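Coordinate inspection notes
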Amino acid sequence: MKIQIKELNQKVHDYLKLVGMNEHDTAVMTELIIEGEMIGNQFSPVGELPGKHTRPIENIKNGKEEVVVNKPSLQLIKGNGRLAPLITADHLDKIVKKANSQGIYAFGIYDSTYNDFFDVFCRRIVAKDCLALIFENGGPQGVVPFGGKKDITGTNPIAYGIPTHGSPIIFDAATATHAWGRIRQAKENNEKLPDGYLDKEGNITTNPNKAVAILPFGGFKGYAINLLVDVLSGALVRGKCGLDQPIDSQRYIGTLIIVIDPAAFGHIKEFKDSTTKLTKNILAVSPIDPL
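Residues numbered from 1 in each chain as written. Predicted model: local features only at pLDDT ≥ 70, side-chain atom pairs only at ≥ 80, totals over all residues. Heavy atoms only, no water.

**Considering helix H8 (residues 219-232)**
The terminal C-alpha atoms of H8, which comprises 14 residues, lie 20 Å apart, in line with the 20 Å expected from a rise of 1.5 Å per residue. Turning to H8, its buried residues number three or more, namely Gly222, Tyr223, Asn226, Val229, Asp230 and Leu232. Taken together, the buried residues of H8 touch strand S4 (131-136), strand S5 (158-162) and strand S10 (255-260). (Helix = DSSP H or I, 4+ residues; strand = E, 2+ residues; numbered from the N terminus. Expected span 1.5 Å × (residues − 1). Buried < 20%, exposed > 50% of the residue type's maximum accessible area, 1.4 Å probe, protein only. Contact = heavy atoms within 4.5 Å.)

**Observations regarding the sheet that holds strand S7 (residues 197-198)**
An order of S8-S7-S9 is seen for the 3 strands of this open sheet, with the pairing classed as antiparallel. The open sheet has two edge strands, strand S8 (204-205) and strand S9 (213-214), and neither has a second partner. In the sheet, S7 pairs with S9 via 2 bridges, with the strands oriented antiparallel. Considered in S9, the bridge of Tyr197 is made with Ile214. (Pairing = 2+ DSSP bridges.)

**Some words on the packing of aromatic side chains**
Within the structure shown, the criterion is met by 2 aromatic pairs. When the centroid spacing of 6.0 Å and the interplanar angle of 65° are considered together, the rings of Phe146 and Phe220 count as edge-to-face. Taken together, the residues span a long stretch of sequence, with Phe146 in the loop between S4 and S5 and Phe220 in helix H8 at a distance of 74 residues. Overall, Phe146 belongs to the exposed group, its relative accessible area being 52%. Classification of Phe220 as exposed rests on a relative accessible area of 53%. A ring pair is formed by Tyr160 and Phe171, whose centres lie 5.4 Å apart and whose planes are at 25°; its orientation type is stacked. One end of the pair, Tyr160, is in strand S5; the other, Phe171, is in strand S6 (residues 169-173), and 11 residues separate them in sequence. Judged by relative accessible area, which is 29%, Tyr160 ranks as partly exposed. (Phe/Tyr/Trp six-rings, centres within 6.5 Å; stacked < 30°, edge-to-face > 60°.)

**Things to note about the packing of helix H5 (residues 84-102) against helix H6 (residues 118-126)**
Running from N to C, H5 and H6 cross one another at 15°; their axes reach a closest spacing of 11 Å. The angle between H5 and H6 places the two elements in the roughly parallel class. In this structure, H5 crosses over H6, and the sense of that crossing is right-handed. Counted together, Pro85, Thr88, Ala89, Leu92 and Val96 of H5 and Phe121, Arg124 and Ile125 of H6 form the full contact between these two elements. Each residue belonging to the contact of H5 with H6 can be placed in one class, and the counts come to 6 nonpolar, 1 polar and 1 charged. (Axes fitted to C-alpha atoms, helices over the stretch in contact; angles between N-to-C directions. Parallel < 35°, antiparallel > 145°, perpendicular 65-115°, else oblique. Left-handed = near helix turned anticlockwise from the far one by under 90°. Nonpolar A, V, L, I, M, F, W, Y, C, P; charged D, E, K, R; others polar.)

Below, the structure written as structure tokens:
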């Protein structure tokens, strides 16, 4: 299906207004969705709209976040049910300015919802010559401990952005072998799952109708990172970790954003010279399999 960006923008805007989002939040979310769609992702922001956003929108109405901790190099926000992507987008310019001033700035969110658009936020931060780190203890449960059969933590995505003189280095992925959303995609497309999912007995399954948990990525090392993300964006920012996250609410999921200004350590050009050379060296490596 082909559609003009202007037309898609209007359709997304109208949809968000229809489900009760106010004008400011509609404009912010529409921009995020269109920007995310243009970047490209395994999960289409437009395609995810009905399932992902209408439920929290119905709950928050015109909810407004509040600052509960405010220090020179960090801020903690109680979302009061407002969508975490909206909170992030509204505060992002301030976060970067604080990082410019302090060298590093941490921004936490709790009592909110799932956050999204980490790749978009990383690109926005990197465009201002800063380095971005974003963590979310996305749950409730879904990922088993290394060697275990019972899921304890969420898929806990992590993202980062690094500026260069050219295209930035951007990473955005779950700390599980696969994303939880692939189960739904497999059901919708009548497909098998790749290895990495478990049934209720703890056995590997490729059947999306039997999958109830996912293995951590990267064995015990990957699970250690999954666990770290759970703490950084859970207990640290007043969210909930592991089994303390209820399965029927997003309000206990947390987000932690850390922005670092490389210019605080030295000249930004030298930093970007180094990261640019690094990327060129990586891209110059011959592949094991040329196909």
